[in-house]
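The lines below spell out each chain.
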Amino acid sequence: MFKVEQYQESKEKNYELVIKQLQALLEGESNAVANLANASALLNQFLTDINWVGFYLTEGNELVLGPFQGLPACVRIPFGRGVCGTAAATKETQRIADVHAFPGHIACDAASQSEIVVPMIKNGEVIGVLDIDSPLKDRFDETDQKYLEKFVEVLNQFI
């Protein structure tokens, strides 16, 4: 049985622990769908104040819904559209304090107020994005961004 543990010391220590848990969870498994599913489940248990966490995977010039935790979501997002498509097009993390102020935001869940999207880049190409929504405005900070980018770096080794 797998149990998500947190130190309760600091946000940084908690993220370091969840990244170690990710490595242990994925070690020896090569199936991308299984690894993405477990990664989204791990983050869903670890993060507080979120209402959606999952992956969109690159297919041509658009992102297609992959493994996730949360309400049903938009299935296809063109590169350059919305927060996810912008992250994919720019190859840069998008940390949005208020999604309603983001031009072209795609509202899949009306409860979402803030969002962070981390591009998954392998061999210089975007293979997908990690997308996390929160019902709170300004939920994600620089620490979240730094460690979620590290989380994606580790995950990319198993995709």
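Preceding this section is the structure that the text describes.
Basis of the calculations
Residues numbered from 1 in each chain as written. Predicted model: local features only at pLDDT ≥ 70, side-chain atom pairs only at ≥ 80, totals over all residues. Heavy atoms only, no water. Phe/Tyr/Trp six-rings, centres within 6.5 Å; stacked < 30°, edge-to-face > 60°. Helix = DSSP H or I, 4+ residues; strand = E, 2+ residues; numbered from the N terminus. Buried < 20%, exposed > 50% of the residue type's maximum accessible area, 1.4 Å probe, protein only. 1 Å grid on protein atoms, 1.4 Å probe; cavity = no way out; pocket = protein on both sides within 12 Å on 5 of 7 lines; lining within 4 Å. Points joined across faces, edges and corners; volume = space filled by probe spheres on them. Nonpolar A, V, L, I, M, F, W, Y, C, P; charged D, E, K, R; others polar. Salt bridge = Lys/Arg side-chain N within 4 Å of Asp/Glu carboxyl O.

**Comments concerning the packing of aromatic side chains**
Phase 1: Per the counting criterion, the structure on display carries 4 aromatic pairs.
Phase 2: Ring plane angle 10 degrees and centroid distance 5.4 Å describe the contact between Tyr15 and Tyr147, whose orientation is recorded as stacked. Of this pair, Tyr15 sits in helix 1 (residues 11-26) while Tyr147 sits in helix 4 (residues 142-156); the two residues are 132 residues apart in sequence, bridging distant segments of the chain.
Phase 3: Tyr15 gets classed as buried once you look at its relative accessible area, which sits at 2%.
Phase 4: Pairing Trp52 with Phe68 gives two aromatic rings, centres 5.2 Å apart and planes at 15 degrees, and the pair type is stacked. Separated by 16 residues along the polypeptide, Trp52 in strand 1 (residues 52-59) and Phe68 in strand 2 (residues 62-70) bring together distant segments of the chain.
Phase 5: Overall, the relative accessible area of 4% leaves Trp52 in the buried class.
Phase 6: Since its relative accessible area comes to 25%, Phe68 is described here as partly exposed.
Phase 7: Ring pairing ties together the aromatic residues Tyr15, Phe46 and Tyr147, which thus form one cluster.

**Section: empty space enclosed by the protein**
Phase 1: Summed over the entire model, instances satisfying the criterion amount to 1 cavity of 30 Å³ or more.
Phase 2: What the largest cavity holds in volume is close to 160 Å³.
Phase 3: Around the largest cavity, the lining is made up of 19 residues, and of these Ile106, Cys108, Glu115, Asp131 and Asp133 lie nearest the centre.
Phase 4: Take the lining of the largest cavity: its biggest share by element is 4 residues, from helix 3 (residues 82-90).
Phase 5: Of the residues assigned to the lining of the largest cavity, the class counts are 11 nonpolar, 3 polar and 5 charged.

**Here's the deal with the pattern of salt bridges**
Phase 1: Per the stated rule, a full pass over the model turns up 6 salt bridges.
Phase 2: Between Asp141 and Lys11 there is a salt bridge, and its shortest N-O distance comes to 2.9 Å. Linking Asp141 in the loop between strand 6 (125-134) and helix 4 with Lys11 in helix 1, this pair joins segments that are 130 residues apart in sequence.
Phase 3: Under the relative-accessibility criterion, Asp141 is labelled partly exposed at 30%.
Phase 4: The salt bridge involving Asp144 is made with Arg139; its shortest N-O contact spans 3.3 Å. Arg139 shares its class with Asp144; the two are buried.
Phase 5: Sharing partners across several salt bridges, the network here consists of Lys11, Arg139, Asp141 and Asp144.

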